[in-house]
Amino acid sequence: MLPATVTDIATRVHNHNWDLDPIIRSALDQDFYKLLMAQMIWRLHPKIEATFSLINRTKRVKLAESIEQAELVAQLDHARTVRLTRGETIWLRGNTFYGTRQIFAPAFIDWLAAFQLPEYHLERTPDGQYELTFAGRWIETTMWEIPALAIVSELRARAAMKHMGRFELDILYARAKSKLWNKIEELRTLKNEGPLKIADFGTRRRHGFLWQRWAIQALIEGIGDSFIGTSNAKMAMDQDLEAIGTNAHELPMVYAALADTEEELRQAPYRVLADWSELYGGNLLVVLPDTFGTTAFLAAADPSLARWKGFRPDSKPPIEGGEEAVAWWLRHGQDPRDKLLILSDGMDIDTIKDAIRRFRDRTNVSIGWGTNLTNDFRGCVPNSNDRELAPLSLVCKVVSANGRPAVKLSDNPSKATGEAAEIKRYLRIFGNAGMSAHAVNV
């Protein structure tokens, strides 16, 4: 349900009369999958060390030239002071997630309630970027990924708007609201044609906390029960929505990095899923296949994985990835109409419409709408260069585990991360079947 009043975002952005306007306001301002993965790491791998690093794939944007280092330090330091509130702890303890009550162990919630984000390393690089890394126990450093991305993304937006007047800001947000509402009206038409499921996946590269909240409220108003929830745990709690999220590439990246033999490396993605299924079941049994290439993953996967609830192709074009999933289910005697297909890579209104119309009668298709929901201000900036507010392809990836380099290959080689020699070794082991490079915009 919409709140009684909607925040005047332009006024809030304009009236910076306080020393620090916090970007991270809550320990639950996290993607829900991070909490699920953290519980698995806390239970099974509490002593593993892992280092995460901020990676700006949009090289033309020099982050250190637009974001003041002192402002970045202030926001990072503030995030380290944030703790779970009593109400947030009660929500985690008592709520039902994915049909399971008390999915989080009481001891894990106790750990989370006392948790403080660990220290970080920050320095400016000669090419105008920031080196921002988080080193320490995996269970601690993993929790930096979402806050770090949200902080950098919002600080860049604030820098671009710093010199805008009150009237300019009003026009900016009016145009952005109109642009998003036009997309929602297209979703309404799509909803009238048949089943539609949309979730917010936009925390990590959002324009700002307030804008993400406005976008969620617009979707609630605009498409009703076709808006099935949000990946952001804080906003799920505040808006009484479903918290959405399963697992991410980080898990197989760490498992692979720790492998002692080539065979252990090949088996790493499947070991992750075996461990995952020990903790979670039902609708949380979703396969993420593309860390080292979807085609290779499916060729070597045990047929029992086809009985899992769902499949999330994350780096192939949505139609191509969806068709590969449907074909895999059929090969293993599964009815795709009983399965969940989650499409979430760079989705926007046109790819959403194409994917829904392609798959809605063949499987249970759901869209994770991310950066293009919460940070699409292109064409909205008055008398200025749109590029200043265009979203970045910004990620925070695990780069090592217990001192060993971590690698992600991806179905899209443009998304590969890791040392060049290690990427070459992984390609020798997993191959490059089904991989195809294409531009990464968000």
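Residues numbered from 1 in each chain as written. Predicted model: local features only at pLDDT ≥ 70, side-chain atom pairs only at ≥ 80, totals over all residues. Heavy atoms only, no water.

### Some remarks on unusual backbone geometry
Right, so step 1: In the Ramachandran plot, Gln-102 falls in the positive-phi region, its phi being about 55° despite a non-glycine side chain.
Right, so step 2: Checked against the element boundaries, Gln-102 lands in the loop between β3 (100-101) and α6 (106-114).
Right, so step 3: Residue Gln-102 is classed as exposed on the basis of its relative accessible area, which comes to 57%.
Right, so step 4: In this structure, Asn-402 takes a positive phi of about 50° despite not being glycine.
Right, so step 5: Considering the arrangement of structural elements, one finds Asn-402 in the loop between β12 (394-401) and β13 (404-405). (Helix = DSSP H or I, 4+ residues; strand = E, 2+ residues; numbered from the N terminus. Buried < 20%, exposed > 50% of the residue type's maximum accessible area, 1.4 Å probe, protein only.)

### Some details on the sheet that holds β13
Right, so step 1: If you trace the five strands from one edge of the open sheet to the other, you get β4-β5-β1-β12-β13, paired in antiparallel fashion. Among the strands making up the open sheet, the edge pair consists of β4 (121-124) and β13.
Right, so step 2: Summarising the sheet, strand β1 (residues 49-56) and β12 pair through seven bridges and their orientation is antiparallel. Considered in β12, the bridge of Ile-55 is made with Val-395. (Pairing = 2+ DSSP bridges.)

### Here we look at the sheet that holds strand β6 (residues 198-200)
Right, so step 1: If you trace the six strands from one edge of the open sheet to the other, you get β7-β6-β11-β10-β9-β8, paired in parallel fashion. This sheet does not close on itself; its edge strands, each paired only once, are β7 (227-230) and β8 (286-287).
Right, so step 2: Two elements, strand β10 (residues 340-343) and strand β11 (residues 364-369), share four bridges in a ladder whose sense is parallel. Residue pairing for β11: Leu-340 is matched across the bridge by Asn-364.

### Notes on the pairing of β7
Right, so step 1: Looking at chain direction, β6 and β7 are connected through three bridges and run parallel. Its bridge partner being in β7, Ala-199 is matched across the sheet by Gly-229.
Right, so step 2: Chirality of the crossover, the property in question, places the unit of β6, helix α10 (residues 209-223) and β7 among those that are right-handed. (Right-handed = clockwise from strand over helix to strand, strands pointing away.)

### What to know about the nonpolar core
Right, so step 1: Residues Leu-92, Phe-104, Leu-172, Tyr-173, Leu-187 and Trp-276 are the most contacted members of the largest nonpolar core, which totals 145 residues.
Right, so step 2: If sequence neighbours within four positions are ignored, Trp-276 has contacts with Leu-36, Met-37, Met-40, Thr-246, Asn-247, Leu-251, Leu-284, Leu-285 and Trp-308. (Core = buried A, V, L, I, M, F, W, Y, C linked by side-chain atoms within 4.5 Å. Contact = heavy atoms within 4.5 Å.)

### Considering the pattern of salt bridges
Right, so step 1: With the rule as written, the count across this model stands at 34 salt bridges.
Right, so step 2: Between Lys-183 and Asp-348 there is a salt bridge, with its nearest N and O atoms 3.0 Å apart. Here Lys-183, found in helix α9 (residues 166-193), pairs with Asp-348, found in the loop between β10 and α16 (349-359); they are 165 residues apart in sequence, far enough to count as distant.
Right, so step 3: Looking at Lys-183, the relative accessible area reads 6%, which means it is buried.
Right, so step 4: With relative accessibility at 18%, the residue Asp-348 sits in the buried group.
Right, so step 5: With its nearest N and O atoms 2.5 Å apart, the salt bridge here joins Glu-186 to Lys-353. With Glu-186 in helix α9 and Lys-353 in helix α16, this residue pair connects regions lying 167 residues apart in the sequence.
Right, so step 6: On the basis of relative accessibility, which here comes to 16%, the residue Lys-353 falls in the buried class.
Right, so step 7: Each of Asp-31, Lys-34, Glu-145, Arg-204 and Glu-250 takes part in salt bridges that share partners, so that together they form one network. (Salt bridge = Lys/Arg side-chain N within 4 Å of Asp/Glu carboxyl O.)

### Some words on the environment of Phe-297
Right, so step 1: Mapped onto the secondary structure, Phe-297 falls in helix α14 (residues 294-300).
Right, so step 2: For Phe-297, a relative accessible area of 5% translates into the label buried.
Right, so step 3: Distance from Phe-297 to Ser-366, taken between C-alpha atoms, is 22 Å for residues 69 residues apart in sequence.
Right, so step 4: Beyond its immediate sequence surroundings of up to four residues, Phe-297 is in contact with Pro-269, Tyr-270, Leu-273, Val-287, Pro-289 and Leu-305.

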